[in-house]
Amino acid sequence: MADVFDMIVAGDILAYKVYEDDDVLAFLDLSQVTPGHTLVVPKTHVADIFEYDEALAARVLSKLPKIARAIKASDENIIGLNILSNNGEAAGQSVFHSHFHLIPRYANDGFDIPMPDHSEQTAEDTYKALAANIASHMED
């Protein structure tokens, strides 16, 4: 079953496109968290980051800097940019077609992404164990 991003890629739903090539489509997010908020979606349907293979990841993710630079150049008031991707329902993903939010940042824009700091409660042994566990699961 096609999702809303598949329908946008197919041209069945109107989108305010900012970039398109054989691999990706970038268009304005209708929510506009801040002016210029853009979504980048692969034209190949993958639900989330876990479904990418190396080739698709290279083709899609390599476009992010180009699109980000265009967004920044579009407004002299942009002083930064967040790149967000929610992967899985628990992470807040609501459309199960991989996508990246490029959210321009402006002085006093009222947008905040809380990032709690738990470093005071995390022992060195915990860091070592976490790092070793993740590293042991790396694919070749």
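All values reported here derive from a predicted model rather than from experimental measurement.

## A few points about the side chain of asparagine 87
Stage number 1. Looking at where asparagine 87 falls in the secondary structure, it is placed in the loop between β4 (78-84) and β5 (100-106).
Stage number 2. Using a relative accessible area of 18% as the deciding quantity, one classes asparagine 87 as buried.
Stage number 3. Polar side-chain contacts of asparagine 87 include one of 2.8 Å to the backbone nitrogen of isoleucine 49.
Stage number 4. Reaching out from asparagine 87, the side chain makes a polar contact with the backbone oxygen of serine 85 at a distance of 3.0 Å.

## So, the UniProt feature "domain: HIT" (unreviewed entry) in the protein chain
Stage number 1. Feature annotation in UniProt places "domain: HIT" (unreviewed entry) on residues 4-112, given in this structure's numbering.
Stage number 2. Between the first and last C-alpha atoms of residues 4-112 the distance is 27 Å; the span itself is 23% helix and 26% strand.

## Looking at helix α2 (residues 54-61)
Stage number 1. Residues of α2 that are buried include every one of Leu56, Ala57 and Val60, and no others. The buried residues of α2 occupy an angular sector of 100 degrees when projected down its axis, which confines them to one face.
Stage number 2. Where α2 is buried, its residues contact β2 (24-28), β3 (38-42), α3 (64-73) and β5.

Basis of the calculations
- Every chain is numbered independently, its residues counted from 1 as its sequence is written.
- Per-residue local features are limited, in this predicted model, to residues with pLDDT of at least 70; the limit for side-chain atom pairs, both in listing and counting, is 80 or more; totals at the level of whole chains, interfaces and linings are taken over all residues.
- Hydrogens and water are ignored here; the side-chain numbers use all heavy atoms of the structure.
- Comment: elements are numbered from the N terminus, with helices defined as DSSP H or I runs of at least four residues and strands as E runs of at least two.
- Buried, partly exposed and exposed residues are distinguished by accessible area as a fraction of the type maximum, computed with a 1.4 Å probe on protein chains only: under 20%, between the cut-offs, and over 50%, respectively.
- Any N or O atom pair separated by 3.5 Å or less is treated as a polar contact, with the protein-specific requirement of one donor-capable and one acceptor-capable atom, and with residues adjacent in sequence counted only for side-chain atom pairs.
- UniProt positions are given in the numbering used here, feature names are shortened, and annotations may be inferred rather than shown by experiment.
- The arc in question is the one spanned by the directions pointing from the helix axis to the C-beta atoms.
- In this description, contact between two residues means that some pair of their heavy atoms is separated by no more than 4.5 Å.

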